[in-house]
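Structure assessment
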Amino acid sequence: MSAWDALVGAYALPFMGRALVVLLVLAVVAGLVGVLVNLRGLEFISDGLTHAVFPGLAIGLAVGGTAGLVPGAAIAALAGAVALTLFVRGGVTSDAAVAVVLTAAFSVGVIVVSRSDDYAGELEALLFGRVLTIAPEDVVPLIVVSLAAAVLVGVTLKQQVLRAFDPQAGRAWGDRPLALDLVLNSAVALVVVAGASTVGTLLVLALLIVPGASSRLVTDRLWWLFPVAAAVGAMSAWLGLSLGFAISVGAGVDLPAGATVVAVFVAAYAALLALRLVRDRMTRPGRRPAAALATGER
């Protein structure tokens, strides 16, 4: 299989085209939201929200089949976002709040899934996703959910950034911390809904966290973090889908699409981290540039 077939030609197939469209939109939005998560240090709370989605997915699947996945996940995720925000604002430590939501949500989800006839198959789909089997009627709802998260972040972006760096100044300007926390956690929840319906609840955190963390390795300029994170997310999603297709079809090795996409996200972060370490080492104070060493300059 040629590189062109893997990178471009594969997406002429309807199921690959649907997967690419949904993942590109999701990856870009997750990158934008993930920058704020990274700046606020909310990675662990985001992990709790990914698990809060699980019972909603299970109940939605049990009640409405695959058509019930997105509505069920959305209700559970938004409820989890409100609960976590109120717990933390009420004085409960964030770790404790996440632990309570995580264990309660997973136990409810497993109980619901265990009542189905295909327990193992449905559990695997909920945990590890179904990116290559996204139904045509699910494309628009998943994109709408992702874009809703982008809108929530977009309309409060300046206030969210100010809250990340100087909460006291934000309050002085009239910002409401509780409202901003609810908005950001709701945006995270919506990203988790779309991600859990594609790459699964166990892998969606990578889409949310890795692009934002990667952008911090590329640039130190605040407003460049967002486009860089979006670009890293989009490129990783495209390359991950392409790599999975090439290996599965060309080499005959059956790779799970969602896990392959996440592996490429992590590989991109590792590559950027290595480049950043090399750059920092070469620009360390007191170290002469490589060109000066090569020419013998003092």
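Remember, predicted model here, so these are calculated numbers, not experimental data. (Residues numbered from 1 in each chain as written. Predicted model: local features only at pLDDT ≥ 70, side-chain atom pairs only at ≥ 80, totals over all residues. Heavy atoms only, no water.)

For the protein chain, the helix and strand inventory stands at 14 helices and zero strands. When the helices and strands of the protein chain are read in sequence order from the N terminus, they spell out α-α-α-α-α-α-α-α-α-α-α-α-α-α. Within the span of the protein chain, comprising 298 residues, buried residues form 46% of the whole. Within the protein chain, counting contacts between residues at least 6 apart in sequence, those at least 24 apart form 78% of the total. For the protein chain, the exposed area adds up to about 14,100 Å²; of that, 68% sits on carbon and sulfur atoms. (Helix = DSSP H or I, 4+ residues; strand = E, 2+ residues; numbered from the N terminus. Buried < 20%, exposed > 50% of the residue type's maximum accessible area, 1.4 Å probe, protein only. Contact = heavy atoms within 4.5 Å. Areas by Shrake-Rupley, 256 points an atom, 1.4 Å probe, with all protein chains shown as cover.)

We now examine the nonpolar core. Side chains of a nonpolar character, in soluble globular proteins, are inclined to be buried together. Counting 71 residues, the largest nonpolar core has Leu-23, Val-33, Val-53, Leu-126, Val-191, Val-193 and Leu-207 as its most contacted members. For this core, the element with the highest residue contribution is helix α2 (residues 14-40), accounting for 14 residues. With near-sequence residues (within four places) excluded, Val-53 lies in contact with Ala-73, Ala-76, Ala-77, Val-192, Val-193 and Ala-196. (Core = buried A, V, L, I, M, F, W, Y, C linked by side-chain atoms within 4.5 Å.)

On to the packing of aromatic side chains. Scanning all chains against the criterion turns up one aromatic pair. Note on Trp-223 and Phe-226: the rings are 5.9 Å apart at their centroids and 25 degrees apart in plane angle, and the pair reads as stacked. The exposure class of Trp-223 is partly exposed, given its relative accessible area of 47%. With a relative accessible area of 6%, Phe-226 lands in the buried category. (Phe/Tyr/Trp six-rings, centres within 6.5 Å; stacked < 30°, edge-to-face > 60°.)

Considering all chains together, one arrives at six salt bridges under this definition. In this structure, Arg-276 engages Asp-220 in a salt bridge whose closest nitrogen and oxygen atoms are separated by 3.5 Å. Of this pair, Arg-276 sits in helix α13 (residues 257-282) while Asp-220 sits in the loop between α11 (204-218) and α12 (225-250); the two residues are 56 residues apart in sequence, bridging distant segments of the chain. Across the pair Asp-280 and Arg-276 runs a salt bridge, and its minimum N-O distance is 3.2 Å. Of the two residues, Asp-280 and Arg-276 are both situated in helix α13; the distance of four residues between them amounts to about one turn of the helix. Since its relative accessible area comes to 33%, Asp-280 is described here as partly exposed. With a relative accessible area of 17%, Arg-276 lands in the buried category. (Salt bridge = Lys/Arg side-chain N within 4 Å of Asp/Glu carboxyl O.)

So, on to the UniProt feature "transmembrane region" (unreviewed entry) in the protein chain. Under the present numbering, the feature "transmembrane region" (unreviewed entry) in UniProt falls on residues 20-39, 51-84, 96-113, 139-157, 187-210, 222-249 and 255-278. Taken end to end, residues 139-157 comprises 95% helix and 0% strand; its first and last C-alpha atoms sit 27 Å apart. (UniProt positions renumbered as here; feature names shortened; annotations may be inferred.)

To describe two helices that pack against each other, one gives the angle between their axes and the distance between the axes. At their nearest, the axes of helix α3 (residues 43-64) and helix α10 (residues 177-196) sit 9 Å apart, and the two run at 55 degrees to each other. By the angle class used here, α3 and α10 are oblique. By crossing handedness, the relation of α3 to α10 is classed as right-handed. Contact residues: Ile-45, Ser-46, Leu-49, Thr-50, Val-53 and Leu-57 in α3; Asn-185, Val-188, Ala-189, Val-192, Val-193 and Ala-196 in α10. The residue makeup of the contact of α3 with α10, split by class, is nine nonpolar, three polar and no charged. (Axes fitted to C-alpha atoms, helices over the stretch in contact; angles between N-to-C directions. Parallel < 35°, antiparallel > 145°, perpendicular 65-115°, else oblique. Left-handed = near helix turned anticlockwise from the far one by under 90°. Nonpolar A, V, L, I, M, F, W, Y, C, P; charged D, E, K, R; others polar.)

Within the secondary structure layout, Gln-160 lies in helix α8 (residues 157-165). Assessed through its relative accessible area of 2%, Gln-160 is described here as buried. Excluding residues within four positions of it along the chain, Gln-160 makes contact with Leu-36, Arg-40, Leu-180, Val-183 and Leu-184.

On to the confidence of the model for the protein chain, then. Within the protein chain, residue pLDDT values average 83, and 89% of them lie at 70 or more. When the elements of the protein chain are averaged for pLDDT, helix α14 (residues 290-295) gives the smallest value, 42, and α2 the largest, 94. Low pLDDT, under 50, characterises residues 290-298; the stretch is placed with five contacts to residues that sit more than four places away or in other chains. (pLDDT = per-residue confidence, 0-100.)

With that settled, consider the packing of α8 against α10. Contact pair α8 / α10: the axes reach a minimum separation of 11 Å and the direction vectors enclose 110 degrees. Compared by their axis directions, α8 and α10 come out roughly perpendicular. Across the interface between the two elements, Gln-159, Gln-160 and Arg-163 of α8 pack against Pro-177, Leu-180, Asp-181, Val-183 and Leu-184 of α10. Partitioning the contact of α8 with α10 into residue classes produces four nonpolar, two polar and two charged.

Here the focus is helix α7 (residues 136-155). Under the 1.5 Å per step criterion, the end-to-end length of α7 is 30 Å for 20 residues, consistent within 8% with the ideal 28 Å. Taken together, the buried residues of α7 touch α2, α4 (69-89), α8 and α10. (Expected span 1.5 Å × (residues − 1).)

A few words now on the environment of Ala-83. Locating Ala-83 in the fold gives a position in helix α4. C-alpha separation for the pair Ala-83 and Leu-49, spaced 34 residues apart in sequence, amounts to 9.9 Å.

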